[in-house]
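Fold and contact review
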Amino acid sequence: MTYRFEDPAAEFVLAVLVGDVKLQLEAGERELWVIETHGPLEHRVSMVVVRDDVEEAVREAKEKLDVDD
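Thresholds applied
- Each chain carries its own residue numbering, running from 1 in the written order of its sequence.
- This being a predicted model, a pLDDT of at least 70 is required before a residue's local features are given, and a value of 80 or more before pairs of side-chain atoms are given or counted; all residues contribute to the totals for chains, interfaces and linings.
- Computation of side-chain values: all heavy atoms of the structure, hydrogens and water removed.
- Counting from the N terminus, the helices are DSSP H or I runs at least four residues long and the strands are E runs at least two residues long.
- Only protein chains enter the accessibility calculation, which uses a 1.4 Å probe. A residue is then buried if its area is under 20% of the maximum for its type, exposed if over 50%, and partly exposed in between.
- Contacts between residues were defined by any pair of non-hydrogen atoms, one from each residue, lying within 4.5 Å.
- Computed with a 1.4 Å probe, the accessible areas rest on the Shrake-Rupley method; for each residue, only the protein chains presented here act as cover.
- Strand pairing requires that DSSP identify at least two bridges connecting the strands.
- Fitted lines through C-alpha atoms serve as axes, helices being fitted only where they are in contact, and the angles separating the N-to-C directions of these axes extend from 0 to 180 degrees.
- How sure the predictor is of each residue is captured by pLDDT, a score from 0 to 100.
- Only protein atoms enter the 1 Å grid used here, on which a cavity is any set of points holding a 1.4 Å probe that cannot leave and a pocket is any open set flanked by protein within 12 Å on both sides along at least five of seven lines; residues with an atom within 4 Å of a point are listed as lining.
- Grid points are joined across faces, edges and corners, and a volume is the space filled by probe spheres set on the points.

Before going further, it helps to spend a moment on the overall build of the protein chain. When helices and strands are counted, the protein chain shows one helix and four strands. Start at the N end of the protein chain and walk to the C end: the helices and strands fall as β-β-β-β-α. In the protein chain, which comprises 69 residues, the proportion classed as buried is 20%. Here the analysis covers contacts within the protein chain between residues at least 6 apart in sequence; of these, 11% occur between residues at least 24 apart. Summing over all exposed atoms, the protein chain offers an accessible surface of approximately 5,700 Å²; the carbon and sulfur share of this is 54%.

See below:
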């Protein structure tokens, strides 16, 4: 038996930290944010719109980071 829990009021934010950069998928907004972290401080560098494929948005975010370097 499988149970499913759904709470539309709950907010889940997926974030991946790679070095000093965090990729954060904003819940429900279909936005992938590229965020620089410096200890407890964060600076949002850019945003990528997630259309159909999250992996494509991650590739686009990586391209933006490569251009900024």
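Reading across from one edge, S1-S2-S3-S4 is the order of the four strands in this open sheet, with antiparallel pairing throughout. On the outer flanks of this sheet lie strand S1 (14-18) and strand S4 (41-49), each paired with one strand and no other. Pairwise comparison of adjacent strand axes, ignoring direction, gives a mean angle of 20 degrees for this sheet.

In this section: the pairing of S4. Sheet topology note: the strand S3 (residues 31-38)/S4 ladder contains eight bridges and is antiparallel. Bridging across to S4, Glu-31 finds its partner in Val-49. Where S3 folds back onto S4 in an antiparallel hairpin, the turn is made up of two residues, including Gly-39, whose phi is positive at roughly 65 degrees.

Our focus in this paragraph is the environment of Ser-46. Of note, Ser-46 is situated in strand S4. Taking C-alpha positions, Ser-46 is 10.0 Å from Leu-23, a pair spaced 23 residues apart along the chain. With residues up to four places along the chain from it excluded, the contact list for Ser-46 reads Leu-32, Trp-33, Val-34 and Lys-64.

To continue, consider the confidence of the model for the protein chain. Summary statistics for the protein chain give a mean pLDDT of 81 and a share of 77% for residues scoring 70 or more. Averaged pLDDT values over the elements of the protein chain bottom out at 79 in S1 and peak at 93 in S4.

Here the focus is the layout of surface pockets. When its volume is computed, the largest pocket comes out at roughly 250 Å³. Around the largest pocket, the lining residues are Leu-14, Val-16, Val-18, Val-21, Leu-23, Leu-25, Leu-32, Val-54, Val-58, Ala-61, Lys-62 and Leu-65. When contributions to the lining of the largest pocket are tallied by element, the ones reaching two or more residues are S1, strand S2 (21-26) and helix H1 (54-68). When residues of the lining of the largest pocket are assigned to their parent elements, the largest contribution, five residues, is made by H1.

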